[in-house]
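Chains, contacts and geometry: an overview
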Amino acid sequence: MNSSQIRKKYLEFFEKKNHTIVPSSSLIPFDDPSLLFTSAGMVQFKKFWATETPIPYTRATSCQKCLRAGGKDSDLEKIGLSGRHHTFFEMLGNFSFGDYFKEEAINWAWEFVTCEMKIDPQKLWVSYYSEDHETINIWKKILPENRIIPLGKKDNFWGPAGDTGPCGPCTEIYIDSGIDSSCSNPDCKPGCDCNRFLEFWNLVFPQYNQQADGTLLPLKRRGVDTGMGLERIARIMQGAGSNYETDLFIPLIRKLEEISGLKYTEKTMKEFRIIVDHIRATVFLIGDGVYPDNEGRGYVLRRIIRRAFFQGTKIEINQPFLLRLVSPVVSIFHDVYPNLEKTKEEIESVILEEEKKFIDLLASAKKIFSTDIEKLKNNIIPGEMLFRWYDTYGIPRDLIAELAEEKGFEPDWQEFEKHLKQQQQQARQKSIFEQRREPIFEMSPLNETIFTGYSNTEEQSNIIALYHLPDRKMWEIVLDKSPFYPEKGGQVGDRGIISGKNWSFEVIDSQIDPRGIIYHIGRFISGTFQDVEESEKVVARVSMEHRLDVCANHTATHIIHYCLRKISDNRAKQAGSYVGPERLRFDFIYPLPVNQDIVSLIESEVNRIILENHPVKVEEMTYQKAIEKGAIALFTEKYGEKVRVISIGDFHSELCGGTHVRRTSEIGILKILSFSSIGENLKRIEAVTRQHAYHWFKQKIEILQQATAQLKTTPENLLFSINKMKKQIQELENKINTLMEKASMDIPSTLKKNKKEISVKNKNVSVVTGRFDGLSFEQLGKIADGAASEITNAIILLTSVVNGRAIVLCKITPDVSKIIQASHVVKHITKILGGSGGGKAEFAQGSGKEIEKIDEVISNAHNIIKEISEQLN
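Because the structure is predicted, anything quoted here is derived from the model rather than measured.

1. Quick look at the overall build of the protein
- A count of helical and extended segments in the protein gives 24 helices and 36 strands.
- The proportion of buried residues among the 873 residues of the protein is 53%.
- Residue pairs in contact within the protein that sit at least 24 positions apart in sequence constitute 68% of those at least 6 positions apart.
- Accessible surface for the protein amounts to roughly 40000 Å². Of this, 48% is attributable to carbon and sulfur atoms.
- For the protein, the distance from the average site of its 114 positive side-chain charges to the average site of its 118 negative ones is 3 Å.

2. Considerations on the side chain of Lys 65
- Topologically, Lys 65 is positioned in strand β2 (residues 59-67).
- Polar contacts involving the side chain of Lys 65 include one to the side chain of Asp 288, which spans 3.1 Å.
- In this structure Lys 65 touches Ser 24, Ser 25, Ser 26, Leu 27, Thr 38, Phe 88, Phe 89, Phe 284, Asp 288 and Tyr 337, once residues within four positions along its chain are discounted.

3. Considerations on the sheet that holds strand β30 (residues 682-689)
- Here we have 4 strands laid out as an open sheet, ordered β23-β24-β30-β29, and antiparallel in their pairing. Strands at the two margins of the open sheet, each flanked by one partner only, are β23 (573-579) and β29 (670-679). Averaged over all pairs of adjacent strands, the angle between their axes in this sheet comes to 20 degrees, without regard to strand direction.
- Two elements, β23 and strand β24 (residues 584-589), share 6 bridges in a ladder whose sense is antiparallel. Residue pairing for β24: Lys 573 is matched across the bridge by Ile 589.
- Where helix α18 (residues 690-711) meets the sheet, its contacts fall on β29 and β30, and the angle it forms with β30 comes to roughly 90 degrees.

4. As for the nonpolar core
- Counting residues in each nonpolar core, the largest one holds 114 residues, and the members touching the most others are Phe 200, Trp 201, Ile 233, Leu 322 and Trp 389.
- For Ile 233, the contacting residues outside a window of four places in its chain are Ile 6, Leu 92, Met 117, Ile 119, Phe 200 and Met 228.

5. What about the packing of helix α3 (residues 102-116) against helix α4 (residues 133-140)?
- At a closest axis distance of 10 Å, the pairing of α3 and α4 adopts a crossing angle of 40 degrees. As summarised for this structure, α3 and α4 are arranged oblique, according to the angle between their axes. Where α3 crosses over α4, the two elements pack in a sense that is right-handed. Counting all contacts with α3, which are made through Lys 102, Glu 103, Ile 106 and Trp 110, the residues of α4 involved are Glu 134, Thr 135, Ile 138 and Trp 139.

6. Some remarks on the pairing of strand β34 (residues 805-812)
- The buried fraction of β34 amounts to 7 of the 8 residues, a majority that puts the element mostly inside the structure.
- Two successive antiparallel strands, strand β33 (residues 794-802) and β34, enclose a turn made up of 2 residues, where Asn 803 displays a positive phi of approximately 55 degrees.
- Pairing analysis gives 6 bridges linking β34 to strand β36 (residues 843-848), with the strands arranged antiparallel. Of the residues in β36, the one forming a bridge with Val 808 is Gly 846.

7. Re the packing of aromatic side chains
- Tallied over the full model, the rule gives 45 aromatic pairs.
- For the ring pair Phe 101 and Phe 205, a centre distance of 5.8 Å and an interplane angle of 65 degrees mean the geometry is edge-to-face. With Phe 101 in the loop between β3 (88-97) and α3 and Phe 205 in the loop between β8 (197-204) and β9 (208-210), this residue pair connects regions lying 104 residues apart in the sequence. For the pair shown, Phe 101 and Phe 205 are each scored as buried.
- Between the aromatic rings of Phe 505 and Phe 524, the centroid separation amounts to 5.1 Å while the plane-to-plane angle is 75 degrees, which identifies the pairing as edge-to-face. Taken together, the residues span a long stretch of sequence, with Phe 505 in strand β20 (residues 504-512) and Phe 524 in strand β21 (residues 518-526) at a distance of 19 residues.
- Here Phe 524 falls in the buried class, since its relative accessible area comes to 17%.

8. Points about the state of the cysteines
- One pass over the structure, following the stated rule, counts 0 disulfides.
- You can see Cys 63 has no disulfide; the closest cysteine sulfur is in Cys 66, sitting 8.5 Å from it.
- A residue is classified by how much of its surface remains accessible, and Cys 63, at 8% relative accessible area, is buried.

9. Details of the pattern of salt bridges
- A full pass over the atoms with the stated rule returns 46 salt bridges.
- Overlapping salt bridges, with partners in common, bring together Arg 302, Glu 353, Glu 354 and Lys 357 in one network.

Rules used throughout
- Residues numbered from 1 in each chain as written.
- Predicted model: local features only at pLDDT ≥ 70, side-chain atom pairs only at ≥ 80, totals over all residues.
- Heavy atoms only, no water.
- Helix = DSSP H or I, 4+ residues; strand = E, 2+ residues; numbered from the N terminus.
- Buried < 20%, exposed > 50% of the residue type's maximum accessible area, 1.4 Å probe, protein only.
- Contact = heavy atoms within 4.5 Å.
- Areas by Shrake-Rupley, 256 points an atom, 1.4 Å probe, with all protein chains shown as cover.
- Lys, Arg positive; Asp, Glu negative; His and termini not counted.
- Charge placed at Lys NZ, Arg CZ, Asp CG, Glu CD.
- Polar contact = N/O pair within 3.5 Å; in protein donor to acceptor, adjacent residues only side chain to side chain.
- Pairing = 2+ DSSP bridges.
- Axes fitted to C-alpha atoms, helices over the stretch in contact; angles between N-to-C directions.
- Core = buried A, V, L, I, M, F, W, Y, C linked by side-chain atoms within 4.5 Å.
- Parallel < 35°, antiparallel > 145°, perpendicular 65-115°, else oblique.
- Left-handed = near helix turned anticlockwise from the far one by under 90°.
- Phe/Tyr/Trp six-rings, centres within 6.5 Å; stacked < 30°, edge-to-face > 60°.
- Disulfide = S-S within 2.5 Å.
- Salt bridge = Lys/Arg side-chain N within 4 Å of Asp/Glu carboxyl O.

Set out below in structure tokens:
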């Protein structure tokens, strides 16, 4: 049975059990700052167990894309060492939200495994949480007790996915590979680290909601959350020795054999497994909008790509090769994830860029290693140094180990691990909810805030929590329902006023936590926190000016996206955005150069659409229907199966949870302030709309008016006047240069008359000095050259005052430079003038701020040079 058949059979089995088939969500968790990546099938359903608000279904089944690399769930370091762990994998799952519980979940799992998959029941074992007596009693009806193994909390209590959320006891199903795969322990059973027992299905029973402080509260809806790795069940059904010998990996291994010229054997197994695992993770991450970076998700992606490439060097591949594995990945998954086909070219481009960068890094790695170990007093490489190589330079741990072994050094990996754990914690997305919060009062339990801001900007609400934020000297208010849009999806949170009976509160920011609770952050502008009563009725008003500016900028980003795709033949792809009241930022991936003509074309197209006054329509529909209608999905933004689609006219639609204008003309006008490249293939547009665009134009017009007044011309003739003035300036500069060249020929004769003779190391030397205020270094240099051609055995020291600073130039003839250098003279002189300088033996220059000392230096130069020569002796 191939993997496609297993996937299909699983979903259809639970659909017959009245489960709704829900498409996989993105690897980037939507609206969940506690997670770096989607690490389990239940991530997109976390809210369903914790809320009392209506949900679209109480039973669901899915095949979820998952990634475990970075953060507490990371399996990155296990890849290649086992045949069952992966960074990217697919998780088959069935879920109950306040519906069925343990008995149905266990019985249906047994039915699927033994009847649908036809796995021999005699080969199946299970484990359960030792304190979960309900679960063991159910299993006793199915299996003999000697194949039902109690395990502790570490093995059989799951969750949460992140720091907070649903969790509970679990029971796992194992297949026995036989005594030949066993360790030497006669009591070998599930829970042993050997390869005999393969856990392939985990049935979790969410009963608790873990709080940030570790407290376990009862869930609103207890339920079921199961997860079966597709790769593991495929291994069982295909009789493979490991997950890597299944149809999900074999095409990749065959292609890698072709690229490397080597066979997949026990000798090359580790390198092959890491490469084919990591290329799957890479393809899916880029396909979901993650790009290599030095922090967060992008940092994890970069580490994965570099780790895969480094394994290639171990099997003698030293040129870019990972991009050649993209096509086989797409071929394996294109039926299930058609978006991969559409983004294939872009994925290959991003991977090739990273491979080229890493090739350069590897070339310098040995140099970095050699330079740093010279500083060591013994043969122990400290963990801080190891981590800096690993983190700052991206040098893989394997490479560090090899270099250390080659040079006879021992890495302190224990200290390195401390730094790594600290970095992993920091790499996880920072959340405003990590700040210290002191509750004044809080209704228990807090339920998801009802958001009414799509249709209302004013709401009668009840206050259900008040917190003090001592670190920020601010307060947080939680309402039962709110019109304030919280920050998410690149859009900033709403601002406004909350009014109680005897107090008013200015909201300067609105945030939302993973449970859907909206926090209104700000300060009291009348009354104090002591005037606030629990459950008090309040009026919450959103600032209309702030909301309209944000709406205009958000809709403008959609129009920019449309115009970019149109101009680039759909090759440009959004990589991120910021939508605030004062400005907008739009980041996009595009592999070709973008010149000013294209930027101007984008701006013109955007403003044309704005002025055409197209309607902006908002609809809710299923994700599948939205995609079928051509909507662009950056992330699977949804609560359950519903998504919000923003359509502009009849030509562009996107999935988006933000707020927007009703018609494009409400944007007013858009002005692109800047365009920049912020990385290879990664571009950024920054722009303003509405009143902020008006103020930009107003400021530029005022500057234009001032310029025309100064030049006594009109705006139409301004360029002509500027060009005329430039021509006049050039003519004057030419005249000055002609005069300076003549002067530079005459001045040396004058300088020659004022020279002073001194003895330096028994050699007669002529010291020539002069001050020529207003002349540049270049002009002083011409004078010095002229003097040097007429005077032998000379030290020529010239000064000038330019822009309020003293500049010094020294030229020494070749024979004298052998006993005293120009750089020595200039460094000494500029130090007297309160500055610095330098140069070479025959020529040097510098400057200082103390111009009042110039004359003293010039008149006493011969004595100063004598002192310098004596110091050099």
